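These are the residues of each chain, in order.
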Amino acid sequence: MYITIELKKLLTNKLLAVIIPAAVIFNGCGKEEDRTEFVAKVNDTYLTSDELNSIIESDNAGNFYTGEVIRNWINRELLYQEALRQGIIDNNEFKKLIEMSQKELAAAMLLNKVVEKEKFSAELKEAQEYYEKAKDEFKLTSDAFLVNIINFSDEDKAVRFRTTVLESDWNKALNVYKSEQALMDEETSKLFYDYEIHPVALLRLVNELQQQEISIVVSSKPGTFTVVQLIDKYLKGSIPPFELVKDRVSRRLIAIKREAFINNYLKELYAKSDIEIKKQE
């Protein structure tokens, strides 16, 4: 049996989301200690600032705001305490689930440990060779736009930047405004897939631009004023040149190497173990 990188990541994330919160509950809650510095409490269980920060920093918190994280913790704690009162954790089904999850989490953590020791990389030449052999893997599943894009917090500065671009070019204008305090961020010659461009009004604007055309200043979101220059457009089903997708190619190549490493590691474990599979009737 071979375990892919994608499966391992999914396994790890799902189990962390289920088991780690439970571990926090079992190990850190309800203890008799100084709880004057807490963020929230449910009966005798406390959420400390350190625990809150740990949750926020983890992938499990997603993009939730702090208030949402706290409410989610309270909801989970209320349900957990009620489950205790109803004897859920003494249920055989619950115990079997914990045992199975414990094995899966340990396996996922072991894979993380052995993979982290390896330094996987993809040289530029190696990536180019892989791209040439597997171009169809990088065929676009949606339209993509090669653009210059810049965001300002001040509309007047954005308008002046656009005027400077029209009078010279993008790079010269960027050199003039790169130290401007109102400059929020910028990307030069960056490939964006259509689903990466937000809001929809900005995507619509980019889609209507001709090659090398400069957009008007648009308010892409409150307090943000955007100017875009379309360099080129790549339609769904086309294959962008290597230079535009080289990072994506390198990531794909590294993922392949990681998966091959894990499969070889599993083969070694197979070889060292006494495994028997009986024929199913």
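Report follows, based on the coordinates.

What counts and what doesn't
Residues numbered from 1 in each chain as written. Predicted model: local features only at pLDDT ≥ 70, side-chain atom pairs only at ≥ 80, totals over all residues. Heavy atoms only, no water. Helix = DSSP H or I, 4+ residues; strand = E, 2+ residues; numbered from the N terminus. Buried < 20%, exposed > 50% of the residue type's maximum accessible area, 1.4 Å probe, protein only. Areas by Shrake-Rupley, 256 points an atom, 1.4 Å probe, with all protein chains shown as cover. Polar contact = N/O pair within 3.5 Å; in protein donor to acceptor, adjacent residues only side chain to side chain. Expected span 1.5 Å × (residues − 1). Bend = angle between axes of the 7 residues up to and from the residue. Pairing = 2+ DSSP bridges. Axes fitted to C-alpha atoms, helices over the stretch in contact; angles between N-to-C directions. Contact = heavy atoms within 4.5 Å. Parallel < 35°, antiparallel > 145°, perpendicular 65-115°, else oblique. Left-handed = near helix turned anticlockwise from the far one by under 90°. Nonpolar A, V, L, I, M, F, W, Y, C, P; charged D, E, K, R; others polar. Core = buried A, V, L, I, M, F, W, Y, C linked by side-chain atoms within 4.5 Å.

What about the overall build of the protein chain?
Inference 1: Helix and strand counts for the protein chain come out as nine helices and six strands.
Inference 2: The proportion of buried residues among the 281 residues of the protein chain is 33%.
Inference 3: Carbon and sulfur atoms provide 52% of the accessible area of the protein chain, an area that totals close to 18900 Å².

Section: the environment of Ser101
Inference 1: By the secondary structure assignment, Ser101 is in helix H4 (residues 92–116).
Inference 2: Overall, Ser101 belongs to the buried group, its relative accessible area being 7%.
Inference 3: In terms of polar contacts, Ser101 uses its side chain to reach the backbone carbonyl oxygen of Leu97, at 2.8 Å.

Concerning helix H9 (residues 242–272)
Inference 1: With 31 residues, H9 should reach 45 Å at 1.5 Å per residue; the first-to-last C-alpha distance of 43 Å fits that figure.
Inference 2: Largest kink in H9: about 35°, centred on Arg248.

Quick look at the sheet that holds strand E3 (residues 144–152)
Inference 1: Strand order in the open sheet made by the four strands is E4-E3-E6-E5, with antiparallel pairing throughout. Edge strands, defined here as strands with exactly one partner in the open sheet, are strand E4 (183–193) and strand E5 (218–221). Each adjacent strand pair in this sheet contributes to an overall mean axis angle of 35°, direction not counted.
Inference 2: Bridge count for E5 against strand E6 (residues 224–234) is three bridges, and the pairing is antiparallel. The partner of Lys221 across the bridge, within E6, is Thr224.
Inference 3: Here helix H6 (residues 155–167) sits on the sheet and contacts E3 and E6; the angle it forms with E6, its principal contact strand, is near 35°.

Here we look at the packing of H6 against helix H7 (residues 170–177)
Inference 1: One can describe the packing of H6 onto H7 by two numbers: an axis separation of 8 Å at closest approach and a directional angle of 140°. The orientation of H6 with respect to H7, classified from their angle, is oblique. When the axes of H6 and H7 are compared, the crossing they make is right-handed. Only Trp170, Ala173, Leu174 and Tyr177 of H7 make contact with H6, whose side of the interface consists of Lys157, Arg160, Phe161, Thr164 and Val165.
Inference 2: When its residues are assigned to classes, the contact of H6 with H7 shows six nonpolar, one polar and two charged.

Focus on the nonpolar core
Inference 1: Core analysis: the biggest nonpolar cluster contains 17 residues, and Tyr130, Tyr131, Leu191, Tyr193, Val245 and Val249 have the highest contact counts within it.
Inference 2: Contributing elements (two or more residues each) for this core: helix H5 (124–133), E3, E4, E6 and H9.
Inference 3: Here the element with the most residues in this core is H9; it accounts for four residues.
Inference 4: Within the second largest apolar cluster, 15 residues are counted, among which are Val165, Tyr177, Leu183 and Ile214.

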